[in-house]
Amino acid sequence: MQALVQSCLSGRMNRVNYVAVTVVALYLLPLLLGALFLGLGLPIYMGFGSGGKSLISLMGFWYLQIPIFAWATLLRVQDLGWPRWAAALLWLPLVNFVIWFWPGQAGSNRWGEQPASAGWPGRVICFGAPLWVMLSYGVVLLVLVRIH
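Calculation rules
Residues numbered from 1 in each chain as written. Predicted model: local features only at pLDDT ≥ 70, side-chain atom pairs only at ≥ 80, totals over all residues. Heavy atoms only, no water. Helix = DSSP H or I, 4+ residues; strand = E, 2+ residues; numbered from the N terminus. Buried < 20%, exposed > 50% of the residue type's maximum accessible area, 1.4 Å probe, protein only. Contact = heavy atoms within 4.5 Å. Areas by Shrake-Rupley, 256 points an atom, 1.4 Å probe, with all protein chains shown as cover. Axes fitted to C-alpha atoms, helices over the stretch in contact; angles between N-to-C directions. Left-handed = near helix turned anticlockwise from the far one by under 90°. Nonpolar A, V, L, I, M, F, W, Y, C, P; charged D, E, K, R; others polar. Salt bridge = Lys/Arg side-chain N within 4 Å of Asp/Glu carboxyl O. Parallel < 35°, antiparallel > 145°, perpendicular 65-115°, else oblique. Patch = residues over 30% accessible without salt bridge, like charges linked within 9 Å, V, L, I, M, F, W, Y side chains within 5 Å. Expected span 1.5 Å × (residues − 1). Bend = angle between axes of the 7 residues up to and from the residue. Polar contact = N/O pair within 3.5 Å; in protein donor to acceptor, adjacent residues only side chain to side chain. Core = buried A, V, L, I, M, F, W, Y, C linked by side-chain atoms within 4.5 Å.

Undergrad: Help me get a handle on the overall build of the protein chain, residues and values and all.
TA: Across its full length, the protein chain holds six helices and two strands. Written out in order from the N terminus, the α and β elements of the protein chain read α-α-β-β-α-α-α-α. Within the protein chain, buried positions represent 32% of all 148 residues. For the protein chain, contacts bridging at least 24 residues in sequence account for 71% of all contacts bridging at least 6. Of the roughly 9500 Å² of accessible surface on the protein chain, 73% is carried by carbon and sulfur atoms.

See below:
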């Protein structure tokens with residue numbers, strides 16, 4: 001088990017892949033899973049005033065989002081060559097946004113070799129982030145309108 005954890009926490013993540021993972025984990029994942037659950041007719045508790053009782057809560061998606069985001073932030077901090085504890089500071093609002101643009105260290109550092117350039121899927125998600133976020137909200141809106 002320790003070897004698995006070590007392998008997941010070693011290495012680095014470049015800017016493009018980090019933005020892509022962040023967009024998927026924080027925006028697309030909860031919206032699309034919520035739309036899927038609603039589309040399947042599974043009741044979802046959406047917060048105060050929603051009127052419904054359900055075992056499935058949109059807040060429950062945090063159990064998926066937080067570990068993915070924490071893992072990606074740690075790898076991104078390692079790409080910058082910063083100490084691992086710096087990842088904890090990046091939970092502050094807007095502070096994390098800085099590492100979307102801050103270039104990683106060229107060459108190898110104590111966390112590993114320089115990551116390879118992002119492939120086309122990462123680039124499409126990263127550079128299309130505004131579009132993907134708007135489309136995902138549109139999907140949720142369509143599902144909610146269709147259900148209610």
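Don't stop here, the text continues.
Undergrad: How would you summarise the packing of helix H2 (residues 15-39) against helix H5 (residues 120-127) if you had to cite specific residues and measurements?
TA: Interhelical geometry of H2 versus H5 gives an angle of 60° and a closest axis separation of 8 Å. In the crossing of H2 with H5, the sense of the turn from one axis to the other is left-handed. Residues Val16, Asn17, Val19, Ala20, Val23 and Val24 of H2 lie in contact with H5, whose contacting residues are Gly122, Arg123, Ile125, Cys126 and Phe127. Classifying every residue of the contact of H2 with H5 gives eight nonpolar, two polar and one charged.

Undergrad: Break down the pattern of salt bridges for me, citing the residues and quoting the values.
TA: Under the counting rule described, the total for this entry stands at two salt bridges. Arg12 is the partner of Asp79 in a salt bridge, and the nearest nitrogen-oxygen pair spans 2.9 Å. Placement of the pair is Asp79 in helix H3 (residues 62-80) and Arg12 in the loop between helix H1 (2-9) and H2, with a sequence separation of 67 residues. Side by side, Asp79 and Arg12 carry an identical accessibility label, which is buried. In this structure, Asp79 engages Arg76 in a salt bridge whose closest nitrogen and oxygen atoms are separated by 2.5 Å. With Asp79 and Arg76 both in helix H3 and three residues apart, the pair spans about one turn of that helix. The exposure classification of Asp79 matches that of Arg76, with both residues buried. Salt bridges sharing partners connect three or more residues here, namely Arg12, Arg76 and Asp79.

Undergrad: An account of the packing of H2 against H3 is needed here, citing residue identities and associated values.
TA: When two helices pack together, their arrangement is given by the angle between their axes and by how far apart the axes lie. Closest axis-to-axis distance for the H2/H3 pair is 10 Å, and the angle between their directions is 175°. By the angle between their directions, the pair H2 and H3 is classed as roughly antiparallel. Here Arg15, Tyr18, Val21, Thr22, Ala25, Leu26, Leu29, Pro30 and Leu33 of H2 lie close against H3, whose contacting residues are Leu64, Gln65, Ile68, Phe69, Ala72, Thr73 and Arg76. When the residues that make up the contact of H2 with H3 are grouped by side-chain class, the tally is eleven nonpolar, three polar and two charged.

Undergrad: Explain a nonpolar patch on the surface to me, and be specific about the residues and the numbers.
TA: The grouping of Trp85, Leu89, Leu92 and Val95 at the surface amounts to a nonpolar patch, some 410 Å² of accessible area in total. Along the chain, Trp85 turns up in the loop between H3 and helix H4 (86-89). On the basis of relative accessible area, Trp85 is assigned to the exposed category, the value being 59%.

Undergrad: Would you mind going over H2 in detail, with residue names and values included?
TA: Residues separated by three or four positions in an α-helix point in the same direction, a consequence of the helix having 3.6 residues per turn. Taking 1.5 Å as the rise per residue, H2 with 25 residues should run 36 Å; its terminal C-alpha atoms sit 34 Å apart, in good agreement. Along its length, H2 reaches its greatest deviation from straightness, about 45°, at Leu28, and the proline Pro30 lies no more than four positions downstream. One side-chain oxygen of the residue at the start of H2 lies 3.4 Å from the amide nitrogen of Val16, identifying that residue as Asn14.

Undergrad: So, the nonpolar core: which residues are in play, and what are the values?
TA: Of all hydrophobic cores here, the largest spans 21 residues; its most connected members are Met13, Tyr18, Val19, Val23, Val77, Ile99 and Trp100. When residues of this core are traced back to their parent elements, those giving at least two are H2, H3, H4 and helix H6 (129-147). With six residues, H3 is the largest single contributor of residues to this core.

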